[in-house]
Every structure is written in structure tokens, then in C-alpha cells.
Amino acid sequence: MAECLLTGVWVVLAALPVVTVPAALAAGARHVAAYVDGESSGWGGFWADFRVAWRESWRAGLAVVGAGLLLGLNLLVLAQEGVPGRPGFALATFAVAGLAAAVLLRAAAAWVPGVRWRSLSAGALEEARGDVSGTGVLLGGVAVLAVCAWALWLLVVPMSGCLVGAAVAVRRRRIAREEEARREV
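On a predicted model such as this, the values are computed, not experimentally measured, just so you know.

## With respect to the UniProt feature "transmembrane region" (unreviewed entry) in the protein
Part 1: Within this structure's numbering, the places UniProt gives as "transmembrane region" (unreviewed entry) are residues 58-77, 89-112 and 137-170.
Part 2: Between the first and last C-alpha atoms of residues 58-77 the distance is 29 Å; the span itself is 100% helix and 0% strand.
Part 3: In residues 89-112, the share of helix is 92% and the share of strand is 0%. The end C-alpha atoms are 36 Å apart.

Pasting the structure below:
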């Protein structure tokens, strides 16, 4: 748990420019996975992974910024009085934002140097459809992160690391299930 908290600090620092969110999540996921595997991973390893991930993910970072702006604009319009179906559209906007975050977390957890983010995103979308319970775990984590950020913005730091840890755990659980299913055949 402490490693997730430390990872949250690193991820939040790396994600401050916002366009670097995918790279920060990917480097954080690699750090947590290495830590769980007992491999040497620290500050230097995180930033080395972040630099590589940034070179490969800047387009994905621009897409994250664009999607965030679009969702923010949608909420801004829905905040106006007289918009028909306001509660339903607001709920749909939050659901889409949560699902997009879950897919981004899945893609970041699967990142290895050299893999294109387009293929990572496509694979993450398929995983989200095929592993509904794992997607539910990530959606729950995103919701907890949002509530924590709303209640006390400083909680974003430890919760980010916990969310990255959850993404790594969901990925490993899915891989273990697939291996078990192959052994049974």
C-alpha cells in the first residue's frame, strides 16, 4: 500500500502538465508491477519509463486533453437552466468520462516500451468489454478518486497511486484467468 502512495506522488507530479497523463499512468503502472514482482524499481526507473512513455504517448495525451475539454464543455452547457433532460445527460457525461478513464487505465497498465498507444487503446477497449467486473473495479476507483478530490483535493495524490495499483491488479487478474482457461482446455 505504501508503494501505491509513493507512486501516486510521482504520477501526480508527472501528470501536472495534463497532456502527460497517459505517460505518467504508464510509468506508474510499470513501477507498481516491478515492485510487486520484486524487481528493483525506484525514482530513476519511474522517470526513465516516463520519458520513454512520453515520447510514445504525446498524441494520446492530446486526445486526453481534447476529451476532457469536450466533457467539460458538455457539463458547462448542462449547468445552464432550461436544458431539457439535464440530469440524464449529466449522468451520461459522467458515465462516459468514467469509462474513458477506465480504458485509459487499462491501456497504461498494459504499456511496454515500443507498443503503440493506438493498439494499447484498442486492446484496452476490448478488455473493458470482455472483463466487466474488472471495468467495474476501475470505475469504482475512478468514482472514489472523484469523490476524494471533491472532498479534499490533496487526496488526489494517494488515490492516484491506489488507482494505478488497481489497474495493475485488474490486468494481472485477467491474464491469470486467461492462463487458467488455457490450462483447462
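## Focus: the layout of surface pockets
Gaps left between atoms are located by rolling a probe of water-molecule size over the structure's atoms.
Part 1: Quantified by volume, the largest pocket comes out at close to 1600 Å³.
Part 2: Lining the largest pocket are 46 residues, with Val 21, Val 64, Ala 100, Ala 101 and Leu 104 sitting closest to its centre.
Part 3: If one sorts the elements of the lining of the largest pocket by residue count, helix H3 (residues 43-78) sits on top with 14 residues.
Part 4: Here the residues of the lining of the largest pocket sort into 33 nonpolar, eight polar and five charged.
Part 5: Looking at the second largest pocket, its volume works out to about 240 Å³.
Part 6: Together, 14 residues line the second largest pocket, and Ala 29, Ala 33, Ala 109, Arg 171 and Arg 172 are the ones closest to its centre.
Part 7: In terms of residue class, the lining of the second largest pocket is made up of nine nonpolar, no polar and five charged.

Reading guide: rules and limits
Residues numbered from 1 in each chain as written. Predicted model: local features only at pLDDT ≥ 70, side-chain atom pairs only at ≥ 80, totals over all residues. Heavy atoms only, no water. UniProt positions renumbered as here; feature names shortened; annotations may be inferred. Helix = DSSP H or I, 4+ residues; strand = E, 2+ residues; numbered from the N terminus. 1 Å grid on protein atoms, 1.4 Å probe; cavity = no way out; pocket = protein on both sides within 12 Å on 5 of 7 lines; lining within 4 Å. Points joined across faces, edges and corners; volume = space filled by probe spheres on them. Nonpolar A, V, L, I, M, F, W, Y, C, P; charged D, E, K, R; others polar.

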